[in-house]
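So the chains spell out like this:
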Amino acid sequence: MIKKIVLFTKGIETLWFFSEQMGKTFELLGYDVFYFDQCKEYRSLSDLIWFCEPGVTAAISFNFDGCCGEDYFIDSNGVSFFDARQILFLNIVVDHPFYYHKFLPYLPSDYTQISIDREHEAYLKRFLPEIKRGPFMPLGGTALWDEDQMPGWDDRRFDIVFTGNYNPPSTFEGAITRHGKEYADFYYDIIDDLISHPWRSMDHVIIEHLNRDVEDITEEGLKDTLPNMIFIDLYVRHYFRGEVVKTLVDSGQKVHCFGAGWDHLDCRHPENIVNGNVLDSLGCLQQISRSKISLNVMPWFKDGAHDRVFNSMLNGAVCVSDVSRYMDEILEDGKDYIKYDLAALTELPGKIEELLVNRDQWERIVASGYKKAADGHTWADRARFLHSEILCKIQ
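Residues numbered from 1 in each chain as written. Predicted model: local features only at pLDDT ≥ 70, side-chain atom pairs only at ≥ 80, totals over all residues. Heavy atoms only, no water.

1. Points about the overall build of the protein
Phase 1: A count of helical and extended segments in the protein gives 15 helices and 11 strands.
Phase 2: Against the compact-globule benchmark of 21 Å for 395 residues, the protein has a radius of gyration of 22 Å, which places it among compact chains.
Phase 3: Taking all 395 residues of the protein together, the buried fraction comes to 57%.
Phase 4: Contacts in the protein between residues at least 24 apart in sequence constitute 68% of all its contacts with a sequence separation of at least 6.
Phase 5: Approximately 17100 Å² of the protein is accessible, and the part contributed by carbon and sulfur atoms is 48%.
Phase 6: Charge-centre separation for the protein: the mean point of 40 positive side chains lies 4 Å from the mean point of 63 negative side chains. (Helix = DSSP H or I, 4+ residues; strand = E, 2+ residues; numbered from the N terminus. Rg over C-alpha atoms; globule rule 2.2 N^0.38 Å. Buried < 20%, exposed > 50% of the residue type's maximum accessible area, 1.4 Å probe, protein only. Contact = heavy atoms within 4.5 Å. Areas by Shrake-Rupley, 256 points an atom, 1.4 Å probe, with all protein chains shown as cover. Lys, Arg positive; Asp, Glu negative; His and termini not counted. Charge placed at Lys NZ, Arg CZ, Asp CG, Glu CD.)

And the structure:
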């Protein structure tokens, strides 16, 4: 039975914030928790050696921290530290798995990959069946407030907030055009397809175009090609992030954007973009707590949910988000959140205007959304899920 847990910190700030939130609950559940500091790796490794106990220790990572080929975790014979110490390794992958093919040679032997979107699970099953898959587990949220202490309508000085960076589509043109016009036309054809049909899966659309336009491509060829096309995912997700904010600011609504790059958004009314600072996870939660509406644009999760959804609900802002099949299962439009369609953005300003003039409706959605998220979609819930579904079952 697992008694000790290793979590990773001081890498990507968002991911170590997630780890720390789960760690609090693991400690309450009775686990001995070690936080590996990736900025002081050799000092931390020395402490980790003493902490780990073979057979009863699990490492829980996000996005391949600890198993992406770090030299301090591999000995002179090429053996992983986690294999040498008989440590179970759980890796929660918060992006599409085609971003991470290059790390596959470094995976420990006792490795399980956990997907936050069911489409990602399907991709693993098709292209990487040798990887052991854990149960689907969506991202979680973090509350700064108890329900009875939550700032109300009168205490929220922003109408609309968006927490996240923006990269204009031109950022990705170098990757798109690097092999010449024929390749660029092929890539732009895929991009146009996704923009015209934003409900479709990223990898399904790319595969459809590869099968149609690349003669005699094999299944192995598809697997090898997909990781080289991640710029399409980045292009499309940032395109729509920009389009959603542009739609609102050009309709006359002010949007407080906390993140880098928003001064590069091409729109008619840039004066309606209120540029905030680039913030850490706690800072983003604080700004959500100051806003009536927290805007979400999914990073192409079509069968999962972004943590912004649950963070919004847990911190008293109405979440206004595009849709996913998973969210349609767990949330009710107009009751727990407000949903919009990326294919019908002209309807979005009206949805928000209606909410901002109806305090009673806003308060009902805030209360329902908080209860729905607090009853099963926090990082504490995700830690308890891993405890009951995996860690408790290890003999």
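2. Brief notes about the packing of helix α1 (residues 13–28) against helix α15 (residues 379–389)
Phase 1: As a packed pair, α1 and α15 sit with axes 8 Å apart at the nearest point and diverge in direction by 60°. If you check the angle between α1 and α15, you find them oblique. Seen along the crossing, α1 lies across α15 with a hand that is right-handed. Only W379, A380, R382, A383, R384 and L386 of α15 make contact with α1, whose side of the interface consists of F18, Q21, M22, T25 and F26.
Phase 2: Across the contact of α1 with α15, the residue classes tally to 7 nonpolar, 2 polar and 2 charged. (Axes fitted to C-alpha atoms, helices over the stretch in contact; angles between N-to-C directions. Parallel < 35°, antiparallel > 145°, perpendicular 65-115°, else oblique. Left-handed = near helix turned anticlockwise from the far one by under 90°. Nonpolar A, V, L, I, M, F, W, Y, C, P; charged D, E, K, R; others polar.)

3. Things to note about the packing of aromatic side chains
Phase 1: Inspection of the entire model under this criterion finds 37 aromatic pairs.
Phase 2: An aromatic cluster is present here, built from F8, F36, Y42, Y72, F73, F81, F82, F89 and Y111 joined pairwise through their rings.
Phase 3: Above the plane of the ring of F51 lies K4, whose end atom (NZ or CZ) is 4.9 Å from the centre. (Phe/Tyr/Trp six-rings, centres within 6.5 Å; stacked < 30°, edge-to-face > 60°. Lys NZ or Arg CZ within 6 Å of the ring centre and 35° of its normal.)

4. Quick word on the side chain of R308
Phase 1: Its place among the elements puts R308 in helix α11 (residues 307–314).
Phase 2: For the buried residue R308, which engages in no salt bridge, the nearest side chain bearing the opposite charge is D307, 6.5 Å off.
Phase 3: Within polar-contact distance, the side chain of R308 engages the side chain of N296 at 2.8 Å.
Phase 4: Discounting chain neighbours no more than four positions away, the residues touching R308 are F162, T163, G164, R241, L295, N296 and V297. (Salt bridge = Lys/Arg side-chain N within 4 Å of Asp/Glu carboxyl O. Polar contact = N/O pair within 3.5 Å; in protein donor to acceptor, adjacent residues only side chain to side chain.)

5. Brief notes about helix α7 (residues 202–213)
Phase 1: Its 12 residues give α7 an end-to-end C-alpha distance of 17 Å, which sits within 8% of 16 Å, the value for a rise of 1.5 Å per residue.
Phase 2: Taken together, the buried positions of α7 are M202, D203, V205, I206, I207, H209 and L210.
Phase 3: Those residues of α7 that are buried are in contact with α4 (118–127), α6 (181–196), α8 (219–225) and α9 (230–250). (Expected span 1.5 Å × (residues − 1).)

6. Observations regarding the pattern of salt bridges
Phase 1: Applying the stated criterion across every chain, the model contains 23 salt bridges.
Phase 2: Here R325 ties to E119 by a salt bridge, and the two come within 2.7 Å at their closest N and O atoms. You can see R325 sitting in helix α12 (residues 325–330) and its partner E119 sitting in helix α4, a full 206 residues away along the chain.

7. Description of the sheet that holds strand β3 (residues 57–62)
Phase 1: Here 5 strands make up an open sheet; going across it, the order is β2-β1-β3-β4-β5 and the pairing parallel. Each edge of the open sheet is held by one strand with a lone partner, namely β2 (32–37) and β5 (111–115). Taking the axes of each pair of neighbouring strands and ignoring which way they run, one obtains an average angle of 25° across the sheet. (Pairing = 2+ DSSP bridges.)

8. A short note on the nonpolar core
Phase 1: Judged by nonpolar contacts, the single largest core of 81 residues is most densely connected at L48 and I232.
Phase 2: The leading source of residues in this core is α9, at 9 residues.
Phase 3: Sequence-distant contacts of L48, defined by excluding residues within four places in its chain, comprise V6, F34, F36, F73 and F81.
Phase 4: Counting residues in hydrophobic clusters, the runner-up holds 42 residues, among them I60, F62, M313 and L314. (Core = buried A, V, L, I, M, F, W, Y, C linked by side-chain atoms within 4.5 Å.)

9. Description of the pairing of strand β1 (residues 4–9)
Remember that side chains alternate between the two faces of the sheet whenever the strand is regular.
Phase 1: By the criterion of burial, β1 is predominantly enclosed, with 6 of the 6 residues buried.
Phase 2: As paired strands, β1 and β2 are joined by 6 bridges and run parallel to one another. Each residue of the ladder has a partner; that of T9, found in β2, is D37.
Phase 3: Where the polypeptide runs from β1 across α1 and back to β2, its parallel neighbour, the crossover connection is right-handed. (Right-handed = clockwise from strand over helix to strand, strands pointing away.)

10. A word on the sheet that holds strand β7 (residues 255–258)
Phase 1: Judged by pairing direction, the sheet is parallel, and its 6 strands sit side by side in the order β8-β7-β6-β9-β10-β11 without closing on themselves. Of all strands in the sheet, those with a lone pairing partner are β8 (273–276) and β11 (338–339), marking the two edges.
Phase 2: Judged from the 4 bridges that link them, strand β9 (residues 291–296) and strand β10 (residues 318–321) form a sheet pairing that is parallel. Each bridged residue has a counterpart across the sheet, and for N296 the counterpart in β10 is S321.

11. Some words on the pairing of strand β4 (residues 88–93)
Phase 1: By the criterion of burial, β4 is predominantly enclosed, with 6 of the 6 residues buried.
Phase 2: Pairing analysis gives 5 bridges linking β3 to β4, with the strands arranged parallel. Bridged to F62 within β4 is I92.
Phase 3: Examined bridge by bridge, β4 and β5 share 5 bridges and lie parallel to one another. Across the sheet, residue N91 finds its bridge partner in β5, namely Q113.

12. Digging into a nonpolar patch on the surface
Phase 1: Residues L144, W145 and L282 make up a contiguous nonpolar surface patch of about 230 Å² in total accessible area.
Phase 2: With respect to the helices and strands, the residue L144 is situated in the loop between α4 and β6 (158–163). (Patch = residues over 30% accessible without salt bridge, like charges linked within 9 Å, V, L, I, M, F, W, Y side chains within 5 Å.)

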